[in-house]
Amino acid sequence: MEKHFAVIGNPIAHSLSPAMHRGGYQAFGIEADYLRLKVEPNDLLQAIQGLKALGFSGWNVTIPYKEQIIPFLDELTPEALGAGAVNTVKVEAGRLIGHNTDGNGFVRSLQEICVLKKGMQVVILGAGGAAKGIAMALIPYNVKIVILNRTNERAKRLADWVNQHGGEAATVPWEAGNWLNSADVVIQTTSVGLKQEQYPFSLKGISAQATVVDIIFNPWETPFLREARELGCRTLNGAGMLLYQGALAWEFWLGGQAPIEAMKKGLLEAIGKN
């Protein structure tokens, strides 16, 4: 029997998840499809009910519904509870189980180029849903997290949350500062750069030994990442995070190990990098 999966959000036309998941289905000979579905703001509950009624096995959730969907679910995994957001839903015996694979997907991609060690300083730029999921996934590595956000109160709320959950976090003002000298990893989680706009401040002064990440992958290299590369840093965009969060969603839905290489091939072809 063919299985049905989807990603819901608004906007959604830019999503590359269908190409990634279909590449995996083809590699494993699985009868399944993965759709991209735009959901209007007032139609979220009806969309969820419709997906369930139509026999979907699960779906991904993207902006702006990762938090809004929570009241409509029957159960949350520890990852979803910790992040306060859901990016993956599984239908199991008629119940809707919410999960979050963003943070662990990010860490998995980061560890391909950077080994996380106790005491490392990890700077997170932004304090939204993506930042929270990433911060949650970093806690077990005993790194020192520094958070910057345009609104310092929001940064402080995230830092307090990290500290309450066994991590170590502090905030500094939204500007270039001394944190640049001591950062081992810098993670850009805001939408700045989607339109190739310059970042509000420069990375000059950052150690060339630092790893700099931007979770944006389209454009492939944002002005933020370009500056980091030109300053000698190792750089990473968000394609790996997208790949691994998708692979973890696959494993949550279907069990077993996801076909990473096939999913990566589908993703890179859709981006135009293969």
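Thresholds applied
Residues numbered from 1 in each chain as written. Predicted model: local features only at pLDDT ≥ 70, side-chain atom pairs only at ≥ 80, totals over all residues. Heavy atoms only, no water. Helix = DSSP H or I, 4+ residues; strand = E, 2+ residues; numbered from the N terminus. Buried < 20%, exposed > 50% of the residue type's maximum accessible area, 1.4 Å probe, protein only. Disulfide = S-S within 2.5 Å.

Considering unusual backbone geometry
Stage number 1. In this structure, the amide linkage connecting Ile63 to the following residue, Pro64, adopts the cis form with an omega of 5°.
Stage number 2. As for its placement among the helices and strands, Pro64 is situated in the loop between β3 (58-61) and β4 (75-76).
Stage number 3. Of note, the bond from Asn218 into Pro219 is cis; its omega dihedral lies within 30 degrees of zero at 15°.
Stage number 4. Positionally, Pro219 belongs in the loop between β11 (211-214) and α8 (223-230).
Stage number 5. Its identity as a non-glycine residue notwithstanding, Ala93 has a phi of 50°, on the positive side.
Stage number 6. What makes Ala93 exposed here is its relative accessible area of 81%.
Stage number 7. Residue Asn142 is not a glycine yet carries a positive backbone phi of 55°.
Stage number 8. As for its position among the elements, Asn142 is in the loop between α5 (129-138) and β8 (144-148).

A short note on the state of the cysteines
Stage number 1. Considering all chains together, one arrives at 0 disulfides under this definition.
Stage number 2. Cys114 carries a free sulfur, and the closest cysteine sulfur to it, the one in Cys233, is 12 Å from it.
Stage number 3. What makes Cys233 buried here is its relative accessible area of 7%.

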